[in-house]
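Observations on the model geometry
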Number of protein chains: 2
Amino acid sequence: MQFWYEFASTYSYLAAMRVEEECGRAGVRVEYKPFLLGPIFTELLGIKDSPFNVEPVRGRYMWRDLERLCAKHALPWRRPSVFPRPTVLAARVALGSGPAIAKVTRAIFAANFGDDLDISDPDVLRKIVASAGGDGEAALARAQTAEVKAQLRANTAEAQRLGVFGAPDFVVGGELFFGQDRLEDAIAWAQRT
Amino acid sequence: MQFWYEFASTYSYLAAMRVEEECGRAGVRVEYKPFLLGPIFTELLGIKDSPFNVEPVRGRYMWRDLERLCAKHALPWRRPSVFPRPTVLAARVALGSGPAIAKVTRAIFAANFGDDLDISDPDVLRKIVASAGGDGEAALARAQTAEVKAQLRANTAEAQRLGVFGAPDFVVGGELFFGQDRLEDAIAWAQRT
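Right, let's walk through the structure included here. (Residues numbered from 1 in each chain as written. Chains lettered and ligands numbered in written order. Predicted model: local features only at pLDDT ≥ 70, side-chain atom pairs only at ≥ 80, totals over all residues. Heavy atoms only, no water.)

**Some words on the sheet that holds strand β4 (residues 175-178) of chain A**
All names here are of chain A.
- On the basis of which strands lie adjacent, the open sheet formed by four strands has the order β2-β1-β3-β4 and mixed pairing. The sheet is open, and its two edges are formed by β2 (31-34) and β4, each paired on a single side. With strand direction ignored, the average angle separating the axes of adjacent strands in the sheet is 25 degrees.
- In this structure, strand β1 (residues 2-5) lies alongside β2, joined through four bridges in parallel fashion. Across the sheet, F3 pairs through a bridge with Y32, a residue of β2. (Pairing = 2+ DSSP bridges. Helix = DSSP H or I, 4+ residues; strand = E, 2+ residues; numbered from the N terminus. Axes fitted to C-alpha atoms, helices over the stretch in contact; angles between N-to-C directions.)

**A short note on the interface of chain B and chain A**
- Each side of the interface is counted separately: chain B has 22 residues, and chain A has 22 residues.
- Summing both sides of the interface, chain B and chain A together bury roughly 1900 Å²; the carbon and sulfur share of this comes to 55%.
- In this assembly, chain B and chain A are joined by eight salt bridges.
- Salt-bridge contacts for E175 of chain A lead to R68 of chain B; the nearest nitrogen and oxygen are separated by 2.9 Å.
- Scanning the region where chain B abuts chain A turns up twelve residue pairs in polar contact (both at pLDDT 80 or more).
- Contributions of two or more residues to the side of chain B that touches chain A are made by α2 (38-45), α4 (56-72), β4 (175-178) and α10 (183-192) of chain B.
- It is α4 of chain B that provides the largest number of residues to the side of chain B that touches chain A, a total of eight residues. (Contact = heavy atoms within 4.5 Å. Buried area = accessible area lost by both parts, 1.4 Å probe. Salt bridge = Lys/Arg side-chain N within 4 Å of Asp/Glu carboxyl O. Polar contact = N/O pair within 3.5 Å; in protein donor to acceptor, adjacent residues only side chain to side chain.)

**Things to note about unusual backbone geometry**
Residues and elements named next belong to chain A.
- For the bond running from A167 to P168, omega is 0 degrees, close enough to zero to count as cis.
- In the Ramachandran plot, D116 falls in the positive-phi region, its phi being about 55 degrees despite a non-glycine side chain.
- Within the element layout of this structure, D116 appears in the loop between α6 (101-114) and α7 (122-131).
- Overall, the relative accessible area of 18% leaves D116 in the buried class. (Buried < 20%, exposed > 50% of the residue type's maximum accessible area, 1.4 Å probe, protein only.)

**Remarks on the packing of helix α1 (residues 10-26) of chain B against α10 of chain B**
Residues and elements named next belong to chain B.
- Look at α1 against α10: their axes get within 11 Å of each other, and the N-to-C directions meet at 35 degrees. The way α1 lies across α10 gives a crossing that is right-handed. Facing α1, whose interface residues are R18, V19, E22, C23 and A26, α10 presents L183, E184, I187 and Q191. (Left-handed = near helix turned anticlockwise from the far one by under 90°.)

**Examining the relation of the copies chain B and chain A**
- Once chain B is rotated about the relating axis by 180 degrees and shifted along it by 0.0 Å, it coincides with chain A to within an RMSD of 0.0 Å. What we have between these two chains is a two-fold relation. Relative to the rotation axis, the closest C-alpha in chain B is found at D181 of chain B, a distance of 3.6 Å. (Least-squares fit on C-alpha atoms with pLDDT ≥ 70 in both.)

**Focus: the sheet that holds strand β2 (residues 31-34) of chain B**
Residues and elements named next belong to chain B.
- Taking strand neighbours across the sheet as the criterion, the four strands line up as β2-β1-β3-β4 in an open arrangement whose pairing is mixed. Edge strands, defined here as strands with exactly one partner in the open sheet, are β2 and β4. Averaged over neighbouring strand pairs, the angle between their axes works out to 25 degrees when direction is ignored.
- Alignment of strand β1 (residues 2-5) against strand β3 (residues 169-172), held across three bridges, turns out to be antiparallel.

**Some words on the state of the cysteines**
Residues and elements named next belong to chain A.
- By the definition in use, this model includes zero disulfides over all chains.
- No disulfide involves C23; its sulfur sits 19 Å from the nearest other cysteine sulfur, which is in C70.
- A residue is classified by how much of its surface remains accessible, and C23, at 0% relative accessible area, is buried. (Disulfide = S-S within 2.5 Å.)

Set out below in C-alpha cells:
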C-alpha cells in the first residue's frame, strides 16, 4: 500500500502516526510517498494557501476535529503557530533518509503538530532526523541532491496522475483512498487484492 | 443526536441509510434535520453548483468512492443522471411527513441514488411518501405551507450557525461531526455525554 502525504497537512499527521502499526497488524507493507500539495492546490483550485485558510468555516471545523481525533488516538497535539509551514525541504529530507523514512516521517510530523517546531529550518530537521535514529547531516546533504529534488517532483506529478486532490491518500493497485479515516478501507482493499 | 442532511448529497445518502440502525444499536435517538446546502455553498464558496462539479478531479474521486462505499454497506447505487437535483421540495416533503420523516427520508434518498428518479417532481415524491407508508397527498400539501417553508429556512440558518460547510453532519450537544465516516465517532460522543 502506498501512503501519500504532505508534511503541512494536519490529517496526514494523524495517518502518519497510525499507518505503520495498522498495516503491520494487517500484514500489509507500506511504501512512503511524500509529495507537495501546494502545486496541486494551485492547479486545481487556483490558490496559494491551504484551503483551510481560504475557507475559514471549514478551517475552524478542522482545528476542532484535530483536537478530538488526536485525543481519540492518544496522539500529542499542538496547533502549529504557522500554518501551513513550507515543506519542500522536509519532504526532501524524508526522501533523503533512505530506509529510515518511516521513522523520520513520523518524527517530522510530530515536530510540526506535536511540538510546533519550524520544520522548514535545516537545523531543526537535522535534529529531528538524529532523534529518529538517522544521520542528520547525511540526510540534509542528500536532500540537496538533484536526484532527491527530482524524486519529489516525480512524486508530486505521480500524485496528480493518480487523481490526488488532498492528503493523506492511500493507493492500492491504482485504487485511491482519500483521507485518514479511510485507512481501514484501504487496508481491507490491500488484503483482498 | 441530530442528523443534518441534504437530499442532493451523495454522502448524505450513505449516512441516511445507516444512521437509524447504528444509532438504534447504540441506544441513541436520532433527530432528522434536512437543510439546503445550496445557499451555504453560495455564501461560503461563491458557487451555484456542487463542489464536485466545480472541482472535477474531486468529483471523479467521489463517484468512484460512492460505488465502493455502497458495495461495502450493501446499498443500492445508481449514479443520478442529473446531479445535483433541486431538493427544496423534497426537503419540505420530508419536514411535512411528521413522524414518518425517518422512513420518508430513506425513501427519497433511495429514489435519488438507488433508482435515479427525479425527486424534484411532485408526482414522484407523492409515490415515494406512499411507498414509505405515509400519506403522499397530505405530505405534499403540508410541504406547501408557510410553516414548513419557514422550518426549512430555519434549519438552513441553524446549520450555518453550527458551522456546517457540507453534508452530512452529526451534532451532539453543539459538537459538529462532518462526513458519513464520522457516524461512529458522533455516536460514541453521544454515549459519553
